[in-house]
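# Structural features, examined
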Amino acid sequence: MSENKIPYKIYLDESEIPSKWYNLRADMKNKPAPLLNPATCKPMTAEELGAVFCEELVQQELDDTTPYIDIPQEIRDFYKMYRPAPLVRAYCLEEALGTPAKIYYKFEGNNTSGSHKLNSAIAQAYYAKKQGLKGVTTETGAGQWGTALSMACAYLGLDCKVFMVKVSYEQKPFRREVMRTYGADVTPSPSMTTEVGKKILAEHPGTTGSLGCAISEAVEVAVSNPGYRYVLGSVLNQVLLHQSIIGLETKAALDKYGIEPDIIIGCAGGGSNLGGLIAPFMGEKLRGEKDYRIIAVEPASCPSFTRGKFAYDFCDTGMICPLAKMYTLGSGFIPSANHAGGLRFHGMSTTLSQLYHDGYMEATSVEQTSVFEAAEQFARVEGILPAPESSHAIRVAIDEALKCKEAGEEKTIVFGLTGTGYFDMVAYQKFNDGEMSDYIPTDEDLAKGLSSLPNVPEQ
Ligand SMILES: *Cc1c(COP(=O)(O)O)cnc(C)c1O
């Protein structure tokens, strides 16, 4: 089909929403390393994981071999409320940049949570409900995951307890209010309501918190209250599985017009949107059918891939969660409070970590002010006000498109636009007032976090 026939937005029909998720691990020769029990350093069994997570989600977490997993009809029905998500041809951005590159973005911000997180929230809440549980606990950083989970729990009639990183709780009071509107109970973390929160506060008085702290608190509440389980919005294999819907829809939309991407770009916090976006493309790459350049973009202030270590580490600050082998800055790493752009988790998905380690993808880090420059440039020509997290991907998509301009190359670039930034206006305000600075941790700063890595015998 000729170029000018490609519409501004490629929509799929409702009936084309995928009926199965794709499990990337099935096609990996080197599987991601298993989660370990921190007490024994032995792989976590389904039974052990079942104390923290829902049964069906434990099965998904441990399943390294089944390539396609059915999406239950109830979840597909919920997806229909806000999916399929459009794949947009960024004609206006291309023109503004004067690039011969063709730029597409998959927009996941068309729901009240403002991000892709709802794709996994509804799945996790569904399995909790199916197991007959009373409720779920979780952490939230910037607030999108907590909002998504609150929406899913309200829909299914589940109780939802959210520990929100204190700095966000204070900076984003409206996020908190959205969660409460959907019926969730929101506590700033660290708090005095848990043993681990009290301990963290005693050791770090006045701390503004971190995702690692909030995870510890949420897990403690889940395991000490009957009828509750803990759910996590990123990092885990099950979350990447649910998020594969992003990539499957993207691929279906591209296939409709015979478009083959050269470069696929996504921002990386814990790795769920990136893992989901790239899943079917990475599958082709792993099976030797196609080749793509795949780029993970992370903040220079929290650079797990580019400056972290590939090692077993705790996922939480309280060191009560299983150990995961991943690119990590150390569970003791607390990102600078001056960092406004989300993507603050110290570790990374074990699946993406293994793929990066094996050379299947690249990673790059970008500074905060350059991210907001890209965000504003994008907003002014494409209309959408992007989330700071998503804007990391925009930054690198623009940079790659400018390289194409220089080289006179017509590459096709696809990036994930994970969400909208309406609740990030304090950060935008700082940027607009010229008060935003770039904080890049020194090697010494990082050494502190890395020295907290646990000593795990070779597996
Ligand atoms: C949570 C979030 C991210 C980062 O999380 P990943 O698990 O790395 O995808 C990116 N963008 C938005 C809008 C988010 O809410």
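Scroll up for the structure.
Residues numbered from 1 in each chain as written. Predicted model: local features only at pLDDT ≥ 70, side-chain atom pairs only at ≥ 80, totals over all residues. Heavy atoms only, no water.

Turning our attention to the packing of aromatic side chains. As enumerated under the stated definition, the model contains 16 aromatic pairs in all. Look at Tyr327 and Tyr356: their rings are 5.0 Å apart centre to centre, the planes differ by 75 degrees, and that puts the pair in the edge-to-face class. Taken as a pair, Tyr327 in strand S13 (residues 323-328) and Tyr356 in helix H14 (residues 350-357) lie far apart in primary sequence, 29 residues in all. Clustering of aromatic rings is evident, with ring pairs tying together Phe78, Tyr79, Tyr82 and Tyr155. For the cation-ring pair, Arg176 lies above Tyr169, with the distance from its terminal atom to the ring centre recorded as 4.5 Å. (Phe/Tyr/Trp six-rings, centres within 6.5 Å; stacked < 30°, edge-to-face > 60°. Helix = DSSP H or I, 4+ residues; strand = E, 2+ residues; numbered from the N terminus. Lys NZ or Arg CZ within 6 Å of the ring centre and 35° of its normal.)

Turning next to the sheet that holds strand S8 (residues 185-189). Overall, parallel pairing links the 4 strands, which are arranged S8-S7-S6-S9 in an open sheet. Only two strands of the sheet have a single neighbouring strand rather than two, namely S8 and strand S9 (228-230). Between one strand axis and the next, the sheet turns through 25 degrees on average, direction left out of account. Taken strand by strand, helix H6 (residues 144-156) contacts strand S6 (135-140) and strand S7 (159-165), and its axis lies near 165 degrees from that of S6. Seen against the sheet, helix H10 (residues 211-224) touches S6, S7, S8 and S9 and runs at an angle of roughly 170 degrees to S6. (Pairing = 2+ DSSP bridges. Axes fitted to C-alpha atoms, helices over the stretch in contact; angles between N-to-C directions. Contact = heavy atoms within 4.5 Å.)

Another aspect to go through is the nonpolar core. Looking at soluble globular proteins, one finds that nonpolar side chains tend to be buried together. Counting residues in hydrophobic clusters, the biggest one holds 73 residues, and the most contacted among them are Trp21, Ile75, Tyr79, Phe305 and Met361. Broken down by element, this core gets its largest block of residues, 8 residues, from helix H5 (residues 118-130). When residues of this core are assigned to domains, at least three fall in each of domain 1 (3-16 + 72-114 + 244-450) and domain 2 (24-67 + 117-230). Those residues within four positions of Ile75 in sequence are excluded, and the remaining contacts are Trp21, Ile122, Ala123, Tyr126 and Tyr127. The next biggest cluster of nonpolar side chains, apart from the first, holds 27 residues, and it includes Phe107, Val297, Val371 and Ile413. (Core = buried A, V, L, I, M, F, W, Y, C linked by side-chain atoms within 4.5 Å. Buried < 20%, exposed > 50% of the residue type's maximum accessible area, 1.4 Å probe, protein only. Domains from an automatic or database assignment.)

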